[in-house]
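# Breakdown of the fold
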Amino acid sequence: MALSSAGRHILRTTCCTVRRFQCRSKAVYSAVHGFNEEDIRGKLLAFPGGSVDLVKQDSGIAVMTINNPARMNAFSGTMMIELEERVTQLEEWTEGKGLIVQGAAGTFCSGSDLNAVRAISNPQDGMKMCMFMQNTLTRLLRLRLISVAMVEGMALGGGAEFTTSCDFRLMAPDSVIQFVHKHMGLVPGWGGAARLVRIVGSQNALRLLGGAKKVDPEYGTQIGLASGVLNPANGTSALAEAEQWLAQYTKGPAAVIRAVKQVVVSGRELPLEEALRTEKDVFGTVWGGPANLAALASKSKHK
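Scoring rules and cut-offs
Residues numbered from 1 in each chain as written. Predicted model: local features only at pLDDT ≥ 70, side-chain atom pairs only at ≥ 80, totals over all residues. Heavy atoms only, no water. UniProt positions renumbered as here; feature names shortened; annotations may be inferred. Buried < 20%, exposed > 50% of the residue type's maximum accessible area, 1.4 Å probe, protein only. Helix = DSSP H or I, 4+ residues; strand = E, 2+ residues; numbered from the N terminus. Pairing = 2+ DSSP bridges. Domains from an automatic or database assignment. Contact = heavy atoms within 4.5 Å. Buried area = accessible area lost by both parts, 1.4 Å probe. Salt bridge = Lys/Arg side-chain N within 4 Å of Asp/Glu carboxyl O. Patch = residues over 30% accessible without salt bridge, like charges linked within 9 Å, V, L, I, M, F, W, Y side chains within 5 Å. Areas by Shrake-Rupley, 256 points an atom, 1.4 Å probe, with all protein chains shown as cover. Phe/Tyr/Trp six-rings, centres within 6.5 Å; stacked < 30°, edge-to-face > 60°.

In the nomenclature of an unreviewed UniProt entry, the protein is known as Ethylmalonyl-CoA decarboxylase of Clupea harengus. According to its UniProt record, the protein has this under Function (unreviewed entry): "Decarboxylates ethylmalonyl-CoA, a potentially toxic metabolite, to form butyryl-CoA, suggesting it might be involved in metabolite proofreading. Acts preferentially on (S)-ethylmalonyl-CoA but also has some activity on the (R)-isomer. Also has methylmalonyl-CoA decarboxylase activity at lower level." UniProt lists a comment for the protein under the heading Subcellular location (unreviewed entry), and it reads "Cytoplasm, Cytosol".

What follows is the structure, given as structure tokens:
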């Protein structure tokens, strides 16, 4: 059926608004802020080691693995670049609904590889690395996928910051999240402090950052940093349990799950009037769509 001129106008307006929101969500820093991504890429490439692995499953759930067990999964320079590349792949994955982030060999991540950190310890390069990782982790949080960090073992420093770039955090019984930056004479630089305040509130964030307090699953659940505690039984792996936990939020058509994530991101980050307009426009992408029509044909909420 052909669209009326009014319908075509609404569709064009909706698509343009959604595209603007998607473009806006892809970066925090640009050349306007004195940031040229290629400047720091060249320096990071000089520090290889480890990998960031990504498996996209037919279920619409992807598994990202931080893989550098010889250094407790610390990020080398090349791993920072690989992470950005993996996020780009996930941004382009239109069938995706969910993401699980894990560390290899039973531990999550211990932050930055100190070899790379020492080599770029001058303030200029440190700031560029900071902006590079802030951009990447902000894009990860804004993905149109519902994400969960599966924390086993230690999540230290930048690893603790990484957990805050996911929508949820599941902790294994013996795991610890610890913002150890103060012990290194630092504060978070990958956006972890800003995200932490939004997750646990300013007072709890001060306790975790100012006291470098160890967060176990019980305390994490108490303050809202942990969304649940993993307790695999009968030979079930932690990853399988995390997939089952995530499934309660990703069940259904990809278009609907992705729209849900998009309106939540806009509500969190945009001024109210702009968030309302974005919500209206995202609504327009699913209203009358296949999932909506199928639901109307098979269900009645008034019964």
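Further remarks concern the pairing of strand 4 (residues 146-151). Along strand 4, six of the six residues are buried, which leaves the element largely enclosed by surrounding structure. Both faces of strand 4 are covered, namely the face carrying I146, V148 and M150 and the face carrying S147, A149 and V151. Sheet topology places strand 3 (residues 98-103) next to strand 4; four bridges connect them, and they run parallel. Its bridge partner being in strand 4, I100 is matched across the sheet by V148. Relative to strand 6 (residues 168-171), strand 4 runs parallel, the two sharing four bridges. Within the sheet, the bridge partner assigned to V151 lies in strand 6 and is M171.

Attention shifts here to the domain arrangement of the protein. Interfaces are frequently sized by the accessible area removed from exposure as the parts join. By domain assignment, the protein separates into domain 1 (31-251) and domain 2 (252-298). If you average the C-alpha positions of domain 1 and of domain 2, the two centres end up 27 Å apart. The partner domain 2 presents 11 residues to the 16 residues of domain 1 that form the contact. Between domain 1 and domain 2, a total of about 1,200 Å² is buried, with carbon and sulfur atoms accounting for 48% of that surface.

Time to look at unusual backbone geometry. You will see that A105, though not glycine, has its phi angle at about 55°, which is positive. Considering the arrangement of structural elements, one finds A105 in the loop between strand 3 and helix 4 (114-119).

So, on to the pattern of salt bridges. Applying the stated criterion across every chain yields a total of 13 salt bridges. For the salt bridge of D39 with K128, the shortest nitrogen-to-oxygen distance reads 3.9 Å. With a gap of 89 residues between them, D39 in helix 2 (residues 37-44) and K128 in helix 5 (residues 123-141) connect regions that are remote in the sequence. Classification of D39 by relative accessible area gives partly exposed; the value is 36%. With a shortest N-O distance of 2.8 Å, E91 and R139 are connected by a salt bridge. Placement of the pair is E91 in helix 3 (residues 77-91) and R139 in helix 5, with a sequence separation of 48 residues. Classification of E91 by relative accessible area gives partly exposed; the value is 21%. Members of the salt-bridge network, linked through shared partners, are E37, E38, R41, E84, E91 and R139.

Where burial is concerned, most of strand 2 (residues 61-67) is hidden: six out of the seven residues are buried. As paired strands, strand 1 (residues 51-56) and strand 2 are joined by six bridges and run antiparallel to one another. Of the residues in strand 2, the one forming a bridge with L54 is M64. Here strand 1 folds back onto strand 2, and the loop between the two strands holds four residues, one of which, G60, carries a positive phi near 90°. Of the strand pairs in this sheet, strand 2 and strand 3 are connected by six bridges, and their pairing is parallel.

The next subject is a nonpolar patch on the surface. A surface patch of nonpolar side chains, about 300 Å² in accessible area, is lined by L114, M184 and L186. With respect to the element layout, L114 can be found in helix 4.

Attention now goes to the packing of aromatic side chains. Throughout the structure, instances matching the rule amount to seven aromatic pairs. With a centroid separation of 5.2 Å and 15° between ring planes, the pair formed by F168 and Y249 is classed as stacked. Of this pair, F168 sits in strand 6 while Y249 sits in helix 10 (residues 238-250); the two residues are 81 residues apart in sequence, bridging distant segments of the chain. According to the relative accessible area criterion, F168 is partly exposed, its value standing at 23%. We classify Y249 as partly exposed; its relative accessible area is 34%. Relative to Y249, the ring of W245 has its centre 5.3 Å away and its plane inclined at 65°; by these criteria the two rings are edge-to-face. In this pair, W245 and Y249 are both assigned in helix 10, four residues apart and thus about one turn of the helix distant.

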